[in-house]
Structures are given as C-alpha cells and as structure tokens.
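Observations on chain architecture
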Amino acid sequence: MKEIIISENEAGQRFDKFLDKYFKDAPKSFIYKMLRKKNITRNGKKAEGSEKLVAGDVIKMFLADDTIDKFRGNAEITTVKRHIELDIIYEDENIIVVNKPVGMLSQKSEPHDESLNEYIIDYLLSDGKVDKDTLRTFKPSICNRLDRNTSGIVLAGVSLKGLQTLSFMLKDRSLQKYYYCIVDGVMRESQKIDGYLRKNVSDNHVEIRDKMFDDASYIETYYEPIKDNGRITLLKVKLITGKTHQIRAHLAWIGHGIIGDYKYGNGKVNNYFNKKYGCRSQLLHAGEVVFPDVEGELSYLSGMNLKAGFTKMFYDILEGEFE
C-alpha cells in the first residue's frame, strides 16, 4: 500500500489528472478501473476522479509495489545545475519573479537545451521548496516568455494556484507589462501605434502591415519617450497585445529600430554601437510589471509593482550616450 499526502503545489488539480501524471505509463482505463474498485481512494472514500484535490488530502493506493513501479516508470526526473545565480526580484510560496539575463532561453526549444525554467526548478529544489517526488505530478513553470536576447522580468508559478493565477492575468491582459528600449532616431511624443503582424515560421521573422493580410494578427503598442540625445531615444513601451517580436518589429516598421537588433534594426547604427560598446544584441528590457486586483488566496499580489534592473550593457550605453 502506498500513501500520498497532497501538497500545496499539487492542490487544485483534478484527481484523475494527478493520477495520470503519477502513473505516467498507465492507460487511463487502468486508473479509472482502480478508482471504481476502490484500489485507489481519496480520504478513505471512493472517488470518481473529477474531484479537485486540496492540500492535506490523503491518497491511498492498495496496489502491489511492482505494479506501482511498472506504471509510474523508473526514469529519474532530469534537472540542470545552475552555473549562474538567479537574479530573483520576488518570491513566495506561489510565484517567483526573475530578472532574465541576455543570452538565456526562457524555455527549452530542443531537448538538450538549458533554460531559465530548468534553472528555476533547480533553485527551488536546492532551497527545499519542491522535491523530485512532487515534480512528477506538478512542475513549476514560467508563464511569460522573452526572446533569448531580451532581458528582464519573467514570472513563474511555483504552486498550481500561482501558475493558474499568473496565466489568467496574462491571458486577459490585466497584468500591465512595461519594456525599456533604446532606439535609433529622435522620438519626443508619446503615441499608440497599431498594425497587423504575421510570423513566418520558417525563418522566425515577422512582417507588419497597416491593413489586414493573410492570417495576420492585430497588434497595438504604446510608447513614451523618456529622453534623447539628438540621435537616439530611450523609450518606455507598454505592450498592449503580445505577439512574437512585436516591439522590435513594430518600432522598426515606423523607422525607429532598436539598437543592437540585427534582425529588424539599422545595420549601420548597430555596427557603430557594436564597435564602441561591444553591443551585439537588442537593447530591449522587460523592466516593470504591475499586478491587477487579484481575488482569492493570491489577493496579496493586488497592485504590486515589480521592477528589474537593466543589464550592464544597457547601463553602459545609457551612461555613455545620455550623461
């Protein structure tokens, strides 16, 4: 007999979904059969599988050890050891907010990749906030992605409640996200711009037009100039919609490419900043988030304003060009 006590990180999900992850090699028919026969119970009672788990629930499995091992699988949970210290802006038992450096993937794109998501899990493991056993049924995960060479705020759910809450506010756009960037040219008036964006999957490049075309998506971007030196401008950008490369491509589309952006920006200008400062990636930074009113257990997040410091390269260019 195996007994499991549901943790905070596992609470909130359907019982059958939990069992499906726990017995990753078992067919669903096996799981429902065991529930019907009361070989798997919740709090000493027969369960249908549709019940929502709560912290402290006691799950008992009246199964032979070899049956559990067979359907659970013996593969180890793979983790990655951090070779850098995470710049943690905020954390609690439900969420963690990290300042991602330039050059790091947010999530894996290939099985062998190392990403911020794995580094966060390693941090939580080493700090005792999760263990390898619970990772089989719930994995903390990031909720927003940044391009490899974009720095700044990435939010991740540590508990299921945290993951669901963050995902919902990102989906309904109630979480306010602000980016900072340095662009080519002088911009002195705040403005909201719109357009239609389509991503070309084959080369990971986006195209923007002022009218609807093919399967393009409508986009909106708001920018506010902070200061300029007569040649370049520091902008604060509010992302209203959130599409691939939206800020980079949208600003370039109106003639103000981001410094260091070799995909959409001005090559001649980028080469100047590369030669002078060693700038080889776009000066785009997810610098601030403001939480909306949050109901329920995570109501303490309501109105919270979190900020992430610029990279050294960003600071060097600010100091060299604006001071």
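Preceding this section is the structure that the text describes.
On a predicted model such as this, the values are computed, not experimentally measured, just so you know. The numbers attached to residues start from 1 for each chain and follow its sequence in the written order. Confidence filtering applies because this is a predicted model: local features only for residues at pLDDT of at least 70, side-chain atom pairs given and counted only at 80 or more, and all residues used for totals across whole chains, interfaces and linings. With hydrogens and water excluded, all non-hydrogen atoms of the structure serve as input to the side-chain values.

1. Details of the pairing of strand E9 (residues 191-200)
Looking down a regular strand, the side chains alternate between one sheet face and the other. A pair of strands is treated as paired once DSSP finds two or more bridges between them. Secondary structure follows DSSP: runs of H or I at least 4 residues long count as helices, runs of E at least 2 residues long count as strands, and numbering of each begins at the N terminus. When E9 meets strand E11 (residues 217-228), the two strands line up antiparallel, connected through 7 bridges. Its bridge partner lying in E11, Lys 192 is registered against Tyr 222. Strand direction decides the pairing type here: E9 and strand E10 (residues 205-209), joined by 5 bridges, are antiparallel. When the bridges of E10 are listed, Arg 198 appears paired with Glu 207.

2. Points about the sheet that holds strand E2 (residues 40-42)
Taken in spatial order, the 3 strands make up an open sheet running E1-E3-E2, and their pairing is antiparallel. Looking along the sheet, the strands with just one partner apiece sit at the ends: strand E1 (2-5) and E2. On average, adjacent strands in this sheet sit at an angle of 15° to one another, irrespective of strand direction. Contact definition: two residues touch when any of their heavy atoms are within 4.5 Å. Lines fitted to the C-alpha atoms define the axes, with helices restricted to the stretch that makes contact. Angles between their N-to-C directions range from 0 to 180 degrees. Packed on one face of the sheet, helix H1 (residues 15-22) meets E1, E2 and strand E3 (58-61) and runs near 135° to E2.

3. Examining helix H7 (residues 267-277)
Looking at H7, one finds that the buried residues are Val 269, Asn 270, Phe 273 and Tyr 277. The buried residues of H7 occupy one face: seen down the axis, they fall within an arc of 100°. Opposite its buried face, H7 presents the exposed residues Lys 268 and Lys 275, each directed more than 90 degrees away. Against strand E8 (176-184), strand E12 (232-239) and helix H8 (312-322) lie the buried residues of H7. Its side-chain oxygen 3.0 Å from the backbone nitrogen of Lys 268, Asn 266 forms the N-cap of H7. The positive-phi residue at the C-terminal boundary of H7 is Gly 278, with phi of around 75°. In this scheme, a residue with accessible area under 20% of its type's maximum is buried, one over 50% is exposed, and one in between is partly exposed, where area comes from a 1.4 Å probe on protein chains only. The arc in question is the one traced by the directions running from the helix axis out to the C-beta atoms. Two N or O atoms form a polar contact when they lie within 3.5 Å of each other; inside protein one atom must be a possible hydrogen donor and the other a possible acceptor, and for residues adjacent in sequence the pair counts only when both atoms belong to side chains.

4. Focus on the pattern of salt bridges
The rule for a salt bridge is simple: a side-chain nitrogen of Lys or Arg has to be within 4 Å of a carboxyl oxygen of Asp or Glu. If you walk through the whole model with that rule in mind, you get 18 salt bridges. Between Asp 147 and Arg 248 there is a salt bridge, with the nearest N and O atoms lying 3.0 Å from each other. Of this pair, Asp 147 sits in the loop between strand E6 (141-142) and strand E7 (151-157) while Arg 248 sits in helix H6 (residues 246-253), placing them 101 residues apart in sequence. Given the relative accessible area of 27%, Asp 147 is considered partly exposed. Judged by relative accessible area, Arg 248 falls into the buried class, the value being 7%. Notably, a salt bridge pairs Arg 198 with Glu 207, separated by 3.1 Å at the nearest N-O pair.

5. As for the nonpolar core
Ile 120 and Ile 182 are the most contacted members of the largest nonpolar core, which totals 45 residues. Ranked by residue count, the leading element in this core is helix H4 (residues 116-126), at 6 residues. For Ile 120, the residues in contact, after removing those within four places along its chain, are Leu 86, Ile 96, Val 98, Ile 142 and Ala 156. Working definition of a nonpolar core: buried Ala, Val, Leu, Ile, Met, Phe, Trp, Tyr and Cys residues. They are joined through side-chain atoms within 4.5 Å. Core analysis: the second largest hydrophobic core is formed by 21 residues, Ile 6, Ala 11, Phe 30 and Ile 31 among them.

6. Some details on the packing of H7 against H8
Relative placement of two packed helices is described by the angle separating their axes and the distance separating the axes. Contact geometry for H7 and H8: axes closest at 12 Å, N-to-C directions at 95°. Overall, the two elements H7 and H8 adopt an arrangement that is roughly perpendicular. Along its contact with H7, which presents Tyr 272, Phe 273, Lys 276 and Tyr 277, the element H8 presents Met 313, Asp 316, Ile 317, Gly 320 and Glu 321. Gly falls in the polar group here, along with every residue not listed as nonpolar (Ala, Val, Leu, Ile, Met, Phe, Trp, Tyr, Cys, Pro) or charged (Asp, Glu, Lys, Arg). Looking at the contact of H7 with H8 residue by residue, the class counts come to 5 nonpolar, 1 polar and 3 charged. Just so you know how the angles are binned, under 35 degrees is roughly parallel, over 145 roughly antiparallel, 65 to 115 roughly perpendicular, and the rest oblique.

7. A look at the packing of H1 against helix H2 (residues 28-36)
With their axes 10 Å apart at the nearest point, H1 and H2 run at an angle of 125° to one another. As far as their axial angle goes, H2 and H1 are oblique. Of the two possible hands of crossing, H1 and H2 adopt the one that is right-handed. Together, Phe 15, Asp 16, Leu 19 and Asp 20 of H1 and Lys 28, Ile 31, Tyr 32 and Leu 35 of H2 make up the contact between the two elements. For the contact of H1 with H2, the class distribution of residues is 5 nonpolar, no polar and 3 charged. Whether a crossing is left-handed or right-handed is set by the direction in which the near helix is turned from the far one by less than a right angle, anticlockwise for left-handed and clockwise for right-handed.

8. Here's the deal with the side chain of Asn 144
Mapped onto the elements, Asn 144 comes out in the loop between E6 and E7. At a separation of 3.1 Å, a polar atom in the side chain of Asn 144 contacts the main-chain carbonyl oxygen of Ile 153.

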